[in-house]
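Reading the structure
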Amino acid sequence: MVNIVVAVDESEESIRACEWACKHLLAVQTDIQESYNFILLHVQQTPCVSTGPAYIPSDQVFELYELQTKRTTQRILKQALNICDQYGVKAETHVVIGKANERICESAAELGAHFLVVGSHGHGTFIRAIRGSVSDYCSRNAMCPVVVINKKVF
């Protein structure tokens with residue numbers, strides 16, 4: 001069984017990567033598709049609420065944040081699952097919490113990924129140096145081959 005992990009978030013690039021993976025990896029309707037696990041991976045950011053010294057957030061603030069995070073995750077996974085359905089690809093979902101670049105690599109290893117598919121924003125060297133790049137991090141640190149899909153591919 002080959003495990004294909006596709007990292008998805010709310011960016012257009014990750015949705016493009018999901019569609020590319022469905023179209024080019026598993027779109028063929030044959031018995032061979034049954035030998036694949038197609039896993040949509042989403043990383044929720046660790047809750048972080050900025051407060052000043054005079055304000056301590058109530059439990060309600062954290063509950064609202066968690067509710068919004070859950071709704072966003074559901075929307076992202078629904079969109080990715082709809083793309084999979086369009087191509088006849090059966091997919092499962094996996095959600096983790098933490099820093100995206102680290103958790104994607106860790107989860108891919110835990111899920112036994114044979115390869116990982118990620119989208120790339122295509123930022124230049126300067127922006128990548130300042131903000132970092134999830135796709136660059138994954139291509140250097142994942143324990144499996146990484147397919148990086150940029151906007152030029154699709």
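Rules used in this analysis
- Residues numbered from 1 in each chain as written.
- Predicted model: local features only at pLDDT ≥ 70, side-chain atom pairs only at ≥ 80, totals over all residues.
- Heavy atoms only, no water.
- Helix = DSSP H or I, 4+ residues; strand = E, 2+ residues; numbered from the N terminus.
- Buried < 20%, exposed > 50% of the residue type's maximum accessible area, 1.4 Å probe, protein only.
- Contact = heavy atoms within 4.5 Å.
- Areas by Shrake-Rupley, 256 points an atom, 1.4 Å probe, with all protein chains shown as cover.
- Core = buried A, V, L, I, M, F, W, Y, C linked by side-chain atoms within 4.5 Å.
- Axes fitted to C-alpha atoms, helices over the stretch in contact; angles between N-to-C directions.
- Left-handed = near helix turned anticlockwise from the far one by under 90°.
- Nonpolar A, V, L, I, M, F, W, Y, C, P; charged D, E, K, R; others polar.

**Focus on the overall build of the chain**
When helices and strands are counted, the chain shows five helices and five strands. Sequence-ordered secondary structure for the chain, helices as α and strands as β, is β-α-β-α-β-α-β-α-α-β. Looking at the 154 residues of the chain, the share that counts as buried comes to 36%. Contacts spanning at least 24 positions in sequence make up 79% of the contacts within the chain whose residues lie at least 6 apart. With an accessible surface of roughly 9400 Å², the chain has 52% of that area assigned to carbon and sulfur atoms.

**A closer look at the environment of Leu-111**
Tracing the sequence through the fold places Leu-111 in the loop between helix 3 (100-110) and strand 4 (115-119). Separated by 74 residues in sequence, Leu-111 and Asn-37 have C-alpha atoms that sit 9.9 Å apart. Setting aside residues no more than four positions away along its own chain, Leu-111 makes contact with Asn-3, Val-5, Ile-39 and His-94.

**Quick word on the nonpolar core**
Counting 21 residues, the largest nonpolar core has Val-6, Val-8, Cys-18, Cys-22, Phe-38, Leu-40 and Val-117 as the members making the most contacts within it. Secondary structure elements with two or more residues in this core: strand 1 (2-7), helix 1 (12-25), strand 2 (36-44), helix 2 (59-86) and strand 4. In terms of residue count, the dominant contributor to this core is helix 1 (six residues).

**Things to note about the packing of helix 3 against helix 5 (residues 134-141)**
Put simply, helix 3 and helix 5 touch, their axes get as near as 9 Å, and they point 35° apart. Here helix 3 and helix 5 pass one another in a crossing that is right-handed. Here Ala-100, Asn-101, Glu-102, Ile-104 and Cys-105 of helix 3 lie close against helix 5, whose contacting residues are Val-134, Tyr-137, Cys-138 and Asn-141. Its residues placed into classes, the contact of helix 3 with helix 5 shows six nonpolar, two polar and one charged.

**Focus: the side chain of Gln-44**
Within the element layout of this structure, Gln-44 appears in strand 2. Take Gln-44: its relative accessible area is 16%, and that puts it in the buried class. With residues near it in sequence (within four places) discarded, Gln-44 still touches Thr-69, Lys-70, Thr-73, Val-95, Val-96, Ile-97 and Gly-98.

**A short note on the environment of Tyr-137**
Its location among the elements puts Tyr-137 in helix 5. When near neighbours in sequence (up to four residues on either side) are disregarded, Tyr-137 contacts Asn-101, Glu-102, Cys-105 and Ala-142.

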